[in-house]
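Residue strings, one per chain:
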Amino acid sequence: MVELKVPMMKQVNLQFDVVVCGGGMAGFCAAMAAARSGARTLLIHDRPVLGGNASSEVRVTIHGAGCHHYGMRETGIIGEAMSAERRTNHLLPIENGWTNSVHDLALYDMVQREPNLELTLNTSIYDVQLEQGGWGSQQMAVWPEANVDRGYYLRPCCHDGNRILAVRARVANAETDLLVYGKQFIDCTGDALVAHLAGCEWRMGSESREETGEVHAVSKASGDTMGNSIHIRCIDTGKPAPFELPEWAIQYEDAAFFLRTRAQAK
Ligand SMILES: Cc1cc2nc3c(=O)[nH]c(=O)nc-3n(C[C@H](O)[C@H](O)[C@H](O)COP(=O)(O)OP(=O)(O)OC[C@H]3O[C@@H](n4cnc5c(N)ncnc54)[C@H](O)[C@@H]3O)c2cc1C
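Just so we're clear, the structure is a prediction, and the values are computed from it rather than from any experiment.

**Details of the sheet that holds strand β8 (residues 176-187)**
What links the strands of a sheet is backbone hydrogen bonding, and the strands pair in either a parallel or an antiparallel sense.
Part 1: Across the sheet, six strands lie side by side as β3-β2-β1-β8-β7-β4; this open sheet has mixed pairing. Each edge of the open sheet is held by one strand with a lone partner, namely β3 (117-120) and β4 (124-130). Strand-to-strand twist of the sheet, defined as the mean angle between neighbouring strand axes without regard to direction, takes the value 35 degrees.
Part 2: Of the pairings in the sheet, the one linking strand β2 (residues 41-44) to β3 comprises four bridges and is parallel in character. Each bridged residue has a counterpart across the sheet, and for isoleucine 44 the counterpart in β3 is threonine 120.
Part 3: Packing of helix α1 (residues 25-36) onto the sheet brings it into contact with β1 (10-21), β2, β3 and β8, and relative to β1 it is tilted by some 85 degrees.

Below, the structure is given as structure tokens:
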């Protein structure tokens with residue numbers, strides 16, 4: 001029988017003051033702010049480029065009220081990033097002239113210039129070490145499952161007062177496992193993965209108007225979330241350009257499907 005030799009993952013232990021998990025716009029800003037305030041900071045991100053939904057990979061632009069507006073402007077670290085992007089990107093800020101790879105590089109350059117900040121890309125966090133009670137992934141089995149309560153998904157807090165000591169992350173393409181200790185962890189994974197692993201309370205769905213005081217909120221809390229979008233880009237080629245439907249595309253003949261809510265679909 002042939003014996004397969006599986007290469008061992010290289011193990012690296014690191015220690016930082018602040019560990020920011022996820023390098024979308026929230027993580028990027030949190031890491032920059034922490035580093036500038038004097039904390040030795042590590043930004044851990046599972047993609048090859050920064051920006052998350054606002055990166056060239058997803059292309060949801062940073063679109064606040066003052067977005068390239070003649071009378072208003074974004075300030076703070078987001079404003080700096082937007083100015084850095086406009087200084088280096090010479091395409092108009094419409095269509096794909098904005099969130100392209102120049103935008104990703106503007107964020108990357110800002111991070112690289114920050115003396116207190118280190119970055120690890122292509123690195124996925126997959127576990128947390130807790131002060132009381134080992135690894136989050138092992139505790140999952142004994143913690144309560146998320147349940148549907150009052151129409152939305154809710155998991156109660158399993159570990160009041162507990163503290164994260166370290167996160168475990170894998171740089172798959174470098175066959176390296178990181179164990180990163182920190183004094184403070186900031187969860188910017190977009191889906192609260194670190195908080196979930198640490199047994200924090202979480203909830204998914206839509207809050208009611210009564211809870212938020214927002215006039216446009218739904219009157220009753222529900223499990224509904226935002227629908228999926230597909231980002232496409234069209235240009236006028238000056239001649240007919242037939243559209244070839246991918247074989248895997250799902251076709252909906254009934255447009256009413258898109259208007260049905262989760263409750264109606266049941
Ligand atoms: C189609 C669409 C349209 C939107 N439209 C608007 C809008 O008009 N206005 C508005 O305000 N908002 C809009 N949003 C929402 C907006 O994009 C998000 O609120 C914003 O991107 C959140 O930023 P974030 O940094 O918190 O999360 P994200 O952008 O999701 O970034 C989190 C990052 O963490 C990384 N990550 C996740 N898990 C791990 C892990 N285990 N290890 C390491 N890294 C990890 C992910 O790869 C991701 O890049 C839209 C979103 C979508 C998808």
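This is not the end of the story, as more comes after the structure.
**Considerations on the packing of helix α2 (residues 76-88) against helix α3 (residues 101-113)**
Helices that pack against each other are described as a pair by the angle of their axes relative to one another and the distance between those axes.
Part 1: The interhelical angle for the contact between α2 and α3, taken along N-to-C directions, is 125 degrees, at an axis separation of 9 Å. The orientation of α2 relative to α3 falls into the category oblique. Both α2 and α3 take part in a crossing whose hand is right-handed. Only Val102, His103, Ala106, Leu107, Asp109 and Met110 of α3 make contact with α2, whose side of the interface consists of Glu80, Ala81, Ala84, Glu85 and Thr88.
Part 2: Looking at the contact of α2 with α3 residue by residue, the class counts come to six nonpolar, two polar and three charged.

**Quick look at the environment of glycine 76**
Part 1: Inspection of the secondary structure puts glycine 76 in helix α2.
Part 2: Taking the number of C-beta atoms within 10 Å as the measure of exposure, glycine 76 has 10 and is therefore exposed.
Part 3: It is 21 Å that separates the C-alpha atoms of glycine 76 and arginine 59, two residues lying 17 residues apart in sequence.

**Some thoughts on the nonpolar core**
Part 1: In terms of nonpolar packing, the biggest core is built from 39 residues, with Val19, Val20, Cys21 and Val167 touching the most fellow members.
Part 2: For this core, the element with the highest residue contribution is α1, accounting for seven residues.
Part 3: Setting aside its immediate chain neighbours within four residues, valine 20 contacts Gly27, Ala30, Ala31, Ala34, Thr41, Leu43, Ile44, Ile186 and Cys188.

**Points about α2**
Part 1: The terminal C-alpha atoms of α2, which comprises 13 residues, lie 19 Å apart, in line with the 18 Å expected from a rise of 1.5 Å per residue.
Part 2: All buried positions along α2 are accounted for by Ala81, Met82 and Glu85. Taken down its axis, α2 places every buried residue within 95 degrees of arc, on the same side. More than 90 degrees from the buried face of α2, the exposed residues found are Gly76 and Arg87.
Part 3: Where α2 is buried, its residues touch α3.

**With respect to the pairing of β8**
Part 1: Across eleven bridges, β1 lies against β8 in parallel orientation. Considered in β8, the bridge of leucine 14 is made with valine 180.
Part 2: Bridge count for strand β7 (residues 164-171) against β8 is six bridges, and the pairing is antiparallel. Across the sheet, residue arginine 170 finds its bridge partner in β8, namely aspartate 177.
Part 3: The hairpin formed by β7 and β8 contains four residues between the paired strands, and glutamate 175 there has a positive phi angle of roughly 45 degrees.

What counts and how
Residues numbered from 1 in each chain as written. Predicted model: local features only at pLDDT ≥ 70, side-chain atom pairs only at ≥ 80, totals over all residues. Pairing = 2+ DSSP bridges. Helix = DSSP H or I, 4+ residues; strand = E, 2+ residues; numbered from the N terminus. Axes fitted to C-alpha atoms, helices over the stretch in contact; angles between N-to-C directions. Contact = placed C-beta atoms within 7 Å. Parallel < 35°, antiparallel > 145°, perpendicular 65-115°, else oblique. Left-handed = near helix turned anticlockwise from the far one by under 90°. Nonpolar A, V, L, I, M, F, W, Y, C, P; charged D, E, K, R; others polar. Buried ≥ 20, exposed ≤ 12 C-beta atoms within 10 Å, placed from the backbone. Core = buried A, V, L, I, M, F, W, Y, C linked by C-beta atoms within 7 Å. Expected span 1.5 Å × (residues − 1). Arc of directions from axis to C-beta.

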